[in-house]
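Observations on the three-dimensional arrangement
Each chain, letter by letter, is given below.
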Amino acid sequence: MDNKIINGKEISNQLQTELRQRWENWAQNHPAALLRPPHLVAVLVGNNPASEAYVGNKAKACAFVGFKSTLLHFETDISQADLLSEIEKLNQRADIDGFIVQLPLPAHIDEQQIISAIHPDKDIDGFHPLNLGKIILGKAQFIPATPLGILELLRVAQIETKGKKVVVVGRSNIVGTPISLLLSRNTAVGNSTVTLCHSHTANLKEETLQADILIAAIGRPLFIKADMVKPGAVVIDVGINSVSDVSQKRGFRLVGDVDFEAVFPIASKITPVPGGVGAMTVTALLLNTWAAFMANQGIKI
Ligand code: GUN
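Remember, predicted model here, so these are calculated numbers, not experimental data. (Residues numbered from 1 in each chain as written. Predicted model: local features only at pLDDT ≥ 70, side-chain atom pairs only at ≥ 80, totals over all residues. Heavy atoms only, no water.)

Brief notes about the pattern of salt bridges
Summed over all chains, the structure comprises 8 salt bridges. With a shortest N-O distance of 3.3 Å, Glu86 and Lys89 are connected by a salt bridge. Taken as a pair, Glu86 and Lys89 lie in helix H3 (residues 80–92) at a separation of 3 residues, close to a single helical turn. For Lys89, a relative accessible area of 47% corresponds to the partly exposed category. Between Arg93 and Asp95 there is a salt bridge, and its shortest N-O distance comes to 2.9 Å. According to the relative accessible area criterion, Arg93 is partly exposed, its value standing at 38%. (Salt bridge = Lys/Arg side-chain N within 4 Å of Asp/Glu carboxyl O. Helix = DSSP H or I, 4+ residues; strand = E, 2+ residues; numbered from the N terminus. Buried < 20%, exposed > 50% of the residue type's maximum accessible area, 1.4 Å probe, protein only.)

Brief notes about helix H7 (residues 176–184)
Listed in full, the buried residues belonging to H7 are Gly176, Pro178, Ile179, Ser180, Leu182 and Leu183. Those residues of H7 that are buried lie in contact with helix H5 (129–136), helix H6 (145–156), strand S4 (165–169), strand S5 (193–197) and strand S6 (213–216). (Contact = heavy atoms within 4.5 Å.)

Let's talk about the packing of helix H1 (residues 8–28) against helix H2 (residues 49–65)
At a minimum axis separation of 8 Å, H1 and H2 run at an interaxial angle of 50°. Considering the angle they form, H1 stands oblique to H2. Taking contact as the criterion, the partners of Gln16, Thr17, Leu19, Arg20 and Trp23 in H1 are, on H2, Ala61, Phe64 and Val65. (Axes fitted to C-alpha atoms, helices over the stretch in contact; angles between N-to-C directions. Parallel < 35°, antiparallel > 145°, perpendicular 65-115°, else oblique.)

Now the structure itself:
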């Protein structure tokens, strides 16, 4: 049973261990006087508990691989202009390889303007329009953490993508749209024939039943049912939805966009929630931080 599950937690740990090794090798082979660790900065505005938890996880993962992380925390009422000027300072600092502005931002802040102000070479979230645009050109510099996490899961789990029919359900700017483009490119984890489905897709089930690889990224709990999945398909569940559950001490539990219990017997491989794609995103961010650090050392990876 277990080999059906693509274990994101395990793959994530493996990739972090490899990354730590890469950094340690680098550190050993470079003079201490010139050495500084890869440095990630997280910008947090306000006191959203979920955001605080996310940036906490990022800091922990940085510590594990030996990277430096800094949290810059601003009050909820910081003005757009002040936040833009803080971002400009980060853009200028040579000791910072990359930074993220944790989303969501308070309602008075124009998120798109903030993201567009991040220097594309430091945009390790890959949210800047230039970085998203480079994906279309097949010249990605930073791939956003969730699609990069999916690519890494498929690569490490040795799922063949070449010539396969992939159906992506959900067309968000940072998951569905980029992963559909990435998997259709002529790359090692690519060369798939991709269908991107969304809320206006007619006969969704007809589409999903064609999928050799089905990627669910719609943000609706347990939306993909057994009768929507082709026997033997690989199922990648991007959803993280909290549903109320009185049997749990905290009153809720996390479920994916896929009805895991029902789909498990039909799929050849499936990612769990939690412990699947979600477990990969912080690691993907570290991979981008390493790439930014390498670029600052004059090395393109
Ligand atoms: N909020 C939830 N996920 C993310 C992420 O990957 N990056 C940023 N900046 N904010 C988020």
